[in-house]
Number of protein chains: 2
Amino acid sequence: MAVNLSEPSALWPVAGVRLGTAEAAIKKPGRKDLLVIELAPGSRVAGVFTQNAFAAAPVRLCRERLSRTAAQRALLVNAGNANAATGRGGLDDARATTAALAAALGCAPEEVLPFSTGVIGQRLPVQRIGEAIPRAVAALAPDAWLAAARAIMTTDTVPKGASRRVRTAQGEVTVTGIAKGVGMIEPHMATMLAFVATDARLTPAAADAALRAAVDDSFNCVTVDSDTSTNDACVLCATAKVGTHDIERGDADYHIVLDAIRAVCIELAHAVVRDGEGATRFITVEVGGAASTAEARQVAYAIANSPLVKTAMFAGDANWGRIVMAIGKAGVDGLDPARVGVKLDEVILLENGEPHPDYREERGAAVVAKPEFTIGVDLGRGDARARIWTCDFSYDYVKINAEYRT
Amino acid sequence: MAVNLSEPSALWPVAGVRLGTAEAAIKKPGRKDLLVIELAPGSRVAGVFTQNAFAAAPVRLCRERLSRTAAQRALLVNAGNANAATGRGGLDDARATTAALAAALGCAPEEVLPFSTGVIGQRLPVQRIGEAIPRAVAALAPDAWLAAARAIMTTDTVPKGASRRVRTAQGEVTVTGIAKGVGMIEPHMATMLAFVATDARLTPAAADAALRAAVDDSFNCVTVDSDTSTNDACVLCATAKVGTHDIERGDADYHIVLDAIRAVCIELAHAVVRDGEGATRFITVEVGGAASTAEARQVAYAIANSPLVKTAMFAGDANWGRIVMAIGKAGVDGLDPARVGVKLDEVILLENGEPHPDYREERGAAVVAKPEFTIGVDLGRGDARARIWTCDFSYDYVKINAEYRT
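What counts, and where the lines are drawn
Residues numbered from 1 in each chain as written. Chains lettered and ligands numbered in written order. Predicted model: local features only at pLDDT ≥ 70, side-chain atom pairs only at ≥ 80, totals over all residues. Heavy atoms only, no water. Domains from an automatic or database assignment. Contact = heavy atoms within 4.5 Å. Buried area = accessible area lost by both parts, 1.4 Å probe. Salt bridge = Lys/Arg side-chain N within 4 Å of Asp/Glu carboxyl O. Pairing = 2+ DSSP bridges. Helix = DSSP H or I, 4+ residues; strand = E, 2+ residues; numbered from the N terminus. Axes fitted to C-alpha atoms, helices over the stretch in contact; angles between N-to-C directions. Buried < 20%, exposed > 50% of the residue type's maximum accessible area, 1.4 Å probe, protein only. Polar contact = N/O pair within 3.5 Å; in protein donor to acceptor, adjacent residues only side chain to side chain. 1 Å grid on protein atoms, 1.4 Å probe; cavity = no way out; pocket = protein on both sides within 12 Å on 5 of 7 lines; lining within 4 Å. Points joined across faces, edges and corners; volume = space filled by probe spheres on them.

Details of the domain arrangement of chain A
Residues and elements named next belong to chain A.
Here comes step 1: Assigned domains of chain A: these are domain 1 (17-274) and domain 2 (282-402).
Here comes step 2: Across the boundary between the two partners, domain 1 contributes 14 residues, which contact 14 residues of domain 2.
Here comes step 3: Roughly 1300 Å² of surface becomes buried between domain 1 and domain 2 when both sides are summed, with 57% attributable to carbon and sulfur atoms.
Here comes step 4: Summed over the shared surface of domain 1 and domain 2, the result is one salt bridge.

Structure follows, in structure tokens:
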């Protein structure tokens, strides 16, 4: 059902990164649901995490460990169980499983970062994970990115990955990333889980800055259902394998590498929306003429998260009254309806608050019948703009989420 | 499909109020879709309206006319067309149709208030409405409340009405109200359309105060889908037929009448949720232990509007992880997860941030299998509380809204 999304064809290996998967039967047996990402010594890791107050145990442990040092040696990821709302026991479980991986790799437990995704409120099967870790380690290989993308899927229907290669002053740099997540998606800081690696010699500060800049333009611009996960995490691992001197924020190479990281993050963020639970449409919402970027985003999210707009788009119904309703409910102080314009792609529906005389129902219907289109809004009160991406709301969204645990 | 909701059995007439309906074929022929409510001379009308910036033409005209005087003589209501986002032409249409009713009743056009509900962005069929008005006026009768409730339905499956009789110092007072609306419901000021009448001698100021107090505890506490209509309106008509002296705000009788108005409004607001589009559950969300009422409402709405919570409830799945997720995403500054408690009716799921040791899946499932239950949350940081009402999110919500215009 994903909208114009197929398996990534080429995910280039990143020097200094090896990946291995194994079956730990975390939710149920029959699939590889455990992923180990090993990083070469000297790697620098940056991360951004959910703003949900009920941040999961692995998120809390990641924050704690990354606040001490960016020098990390491995990521341990499981699907099928989020280890969220599990109280103190959940933190113990995250410590125990990362310690088991540290022992297998011969590094310190504090050099392993845990990530979990799946059902909330259930304890991790620590013993089964411990038994699977040696098998995942034995499988470590530099070209296992696609298998890794598969191992972290939950209700995803397509594994999500993206790669870029760019030329820097110190040689060719690779950026490869994978992501998962199709529901409980309105990240605000990062999506469900995304792992991006590069062999560029970004300093820890430069890696952190590049990650935040890239995430702001990608994962922080998508919404599937307005719900913010307890486990959102996006990390950037820079293995520093290319070249001999560090790249600082502001260097010419910083911008080259940042552009590649941003491109990978946008491709992954789009993949999350294209595979949004039950999605049949990939919709860009562009709001301009706003007094501030915050205001433009507020209106864009009001449209993108409106159940009535989303169900109309599912039906291929150019019910633009619902778009107008969503603009109006967004809470923009002093908004003058008589200055507002609305377009579907290039078809003008509303201009200066008046229905456009040339608009015909068939023209709007032709736009929303397509799998991809843009809802454009002009608020007529300034120059600020924002663009976000979302999907429609279908029977299958309800079906997937009504049946998720059964 | 409505949850424990049947047609109102007894809607008492209110002295000074007559109602008449007629077919104007506004969206399509075959039903009575036009309602006239005539008020006796001396009636006082108060209204609250949508906060949507794209307030519909009838809402704007109501505001203008009520700002001049509470002495109104009639309400003109149509279903099938919202007369919203219709620009200046829409205002002209509302003026023309109310003028036609004023002519038929022999009052001034400024003494008629217009109300519309239905599709957004299409012009009203002014001529057909003008032709139907004399038939509605000819049908005026004091006991036509149920027929009136039927005439204003759109995707409603059950007509909504409520009545109370209370004893005041000046004699028995009747309060009767009708409402419509099952989608685009998170009113913030009033619901889709609700008309409440009483024969009490409330002054205009007392009527306004009573209406605002009653709406705050009723229509402003419900959400079906988080979308705020362009046409929300709730009016209170006090015909002043009982007794000889006015009731001011603060009088003993004011509180007696207010209690009856509030009871009618709560019953109508519950009816809106029980008949929420596709609803199979009527859910009360109670949030306590908050630092402020605003904070308690913020968390209650985050739960009530979460698509993931709503789809789990539809499935009868006690997926309380989603409730925890919604509490965490609500944006309460400094919320300490280790103090939060969650209950389903009397079944404790989470206590002080830890899963309750006695909780068993079957116990939660037994609660959410019922058509009515309460989600209880304790934030553990104060004494403020809030209670709101909502419904679940089903296949039929998508079906109803994907097919609404076709």
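After that view of the structure, there is still more to cover.
Observations concerning the sheet that holds strand β9 (residues 222-223) of chain B
Backbone hydrogen bonds hold the strands of a sheet together, and the pairing may be parallel or antiparallel.
Residue and element names in this part refer to chain B.
Here comes step 1: The seven strands lie next to each other as β9-β16-β11-β15-β12-β13-β14, forming an open sheet whose pairing is mixed. Two strands close off the open sheet at either side, each with one partner strand: β9 and β14 (354-355).
Here comes step 2: Summarising the sheet, β9 and strand β16 (residues 384-391) pair through two bridges and their orientation is parallel. The residue of β16 that forms the bridge with T223 is T390.
Here comes step 3: Across the face of the sheet, helix α6 (residues 252-274) comes into contact with β9, β11 (282-290), β15 (372-378) and β16 while running at roughly 50 degrees to β16.

Some words on the pairing of strand β3 (residues 44-49) of chain B
All names here are of chain B.
Here comes step 1: Along β3, six of the six residues are buried, which leaves the element largely enclosed by surrounding structure.
Here comes step 2: Of the two faces of β3, the one holding R44, A46 and V48 and the one holding V45, G47 and F49 are both buried throughout.
Here comes step 3: Alignment of β3 against strand β10 (residues 233-238), held across six bridges, turns out to be antiparallel. Residue pairing for β10: V45 is matched across the bridge by C237.

Considerations on the side chain of T223 of chain B
All names here are of chain B.
Here comes step 1: With respect to the helices and strands, T223 occurs in strand β9.
Here comes step 2: At 2.7 Å, the side chain of T223 forms a polar contact with the side chain of N305.
Here comes step 3: In contact with T223, other than residues within four places in its own chain, are I185, E186, Y301, A304, N305, K310, I388, W389, T390 and C391.

So, the pattern of salt bridges
Here comes step 1: For the structure shown, the criterion picks out 39 salt bridges over all chains.
Here comes step 2: The salt bridge involving R18 of chain B is made with E38 of chain B; its shortest N-O contact spans 2.8 Å. A residue pair is termed long-range when its members are at least 10 positions apart, and R18 of chain B in strand β1 (residues 17-22) and E38 of chain B in strand β2 (residues 34-39) qualify at 20 residues.
Here comes step 3: According to the relative accessible area criterion, R18 of chain B is partly exposed, its value standing at 35%.
Here comes step 4: Of the residues examined, E38 of chain B reaches a relative accessible area of 16% and is grouped as buried.
Here comes step 5: Several salt bridges converge on common partners, so that one network encompasses R44, R201 and D246 of chain A.

Digging into the layout of surface pockets
Here comes step 1: By volume, the largest pocket amounts to about 990 Å³.
Here comes step 2: In terms of lining, the largest pocket is formed by 36 residues, of which the most central are N305 and K329 of chain A together with E186, S226 and N305 of chain B.
Here comes step 3: Only α7 (293-304), α8 (307-314) and α9 (320-329) of chain A together with α7 (293-304) of chain B provide two or more residues apiece to the lining of the largest pocket.
Here comes step 4: Looking at the lining of the largest pocket, the element that brings in the most residues is α7 of chain B, giving five residues.

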